[in-house]
Amino acid sequence: MMMLDHPSGGSRRIFWAVPLDETVRSLVASACRDMKKTMSFRNWTHPEDYHITLIFLGETADKDIPAIIRAAQDVAARHAPFCLCLSGPGTFGGGGGKGGSGARGPSQFPAPRVLWFGVEGDRNRLARLQKDLSDAHEPLGYKPERRPYSPHITVARKGDHPLPNPLPNPLNLLRGQPNPEADPAAKCSPAPASKPSPEPCWEVRRIVLYETRMGHSPMYKELAVLPLGSG
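Notes on the structure in this doc start here. Source: prediction; values computed, not measured.

## Some words on the side chain of E211
- Inspection of the secondary structure assignment puts E211 in strand β10 (residues 206-212).
- A polar atom in the side chain of E211 sits 3.0 Å from the side chain of R12.

Here's what the structure looks like:
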């Protein structure tokens, strides 16, 4: 699927990402509503904008987008669907890291730049998808990131105040304490009707090319949606 509404010769800021499913998106949104009560950030991400970035392509001419989609189609067809799960919150900037670790250190983190939720489950297959997508776009002028790939879901930016160390994990209150011995893949199956709350896992079945629209809320618009193949 492809939707281009800019005139010929235009350009846009684009990136490939993994979307969240509706259940997981709703769970993250509920967690953020709780976090807003005790954490002050200038910008909270709209729930429709939650995603896991694969590669950021930046400002790109409209005429180049069809080739970008074709390159990604070949990659998506080689990767089968896989399972991801949410993990606890963490921060970038301000000295923070993954929340709930119990690591020794100061009782507070300085005001962070970014607040995020981490990703568990089949991270190896996510990393292979990201690497293959990055490699496929190099002949088109994409310059791969030098830093290691660190998948996450950004939920807020520009913190105003220090945060507690370790960060509280509101997901534990919303769906009960996770079972570290459970098989993440099994959690991708639909939960029985008797289950009181959903597991924070979903099956990744597609990748999405998003356009960034500054000043809009939601800020990201789908330009292309590509299903994963059979591997």
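Back to the write-up after that little detour.
## A word on the nonpolar core
- Within the largest apolar cluster, 48 residues are counted, with the highest numbers of intra-cluster contacts made by W16, V28, W202, I207 and L209.
- The element best represented in this core is helix α1 (residues 22-35), accounting for 7 residues.
- Apart from residues lying up to four places away in sequence, W202 is in contact with V18, P19, L20, D21, V24, I52, F82, C83, L84, C85, L86 and C188.
- With 6 residues, the next largest nonpolar core counts F15, Y210, Y220 and V225 among its residues.

## Focus on the sheet that holds strand β11 (residues 220-227)
- Pairing within the open sheet is antiparallel, and its 4 strands lie in the order β3-β1-β10-β11. Edge strands, defined here as strands with exactly one partner in the open sheet, are β3 (51-61) and β11. Between one strand and the next, the sheet's axes are offset by a mean angle of 25 degrees, whatever the strand orientation.
- As paired strands, strand β1 (residues 11-19) and β10 are joined by 5 bridges and run antiparallel to one another. Bridging from a neighbouring strand, F15 pairs with Y210 of β10.
- Helix-sheet contacts for helix α2 (residues 65-77) involve β1, β3, β10 and β11, and the interaxial angle to β11 is about 45 degrees.

Rules used throughout
- Residues numbered from 1 in each chain as written.
- Predicted model: local features only at pLDDT ≥ 70, side-chain atom pairs only at ≥ 80, totals over all residues.
- Heavy atoms only, no water.
- Helix = DSSP H or I, 4+ residues; strand = E, 2+ residues; numbered from the N terminus.
- Polar contact = N/O pair within 3.5 Å; in protein donor to acceptor, adjacent residues only side chain to side chain.
- Core = buried A, V, L, I, M, F, W, Y, C linked by side-chain atoms within 4.5 Å.
- Buried < 20%, exposed > 50% of the residue type's maximum accessible area, 1.4 Å probe, protein only.
- Contact = heavy atoms within 4.5 Å.
- Pairing = 2+ DSSP bridges.
- Axes fitted to C-alpha atoms, helices over the stretch in contact; angles between N-to-C directions.

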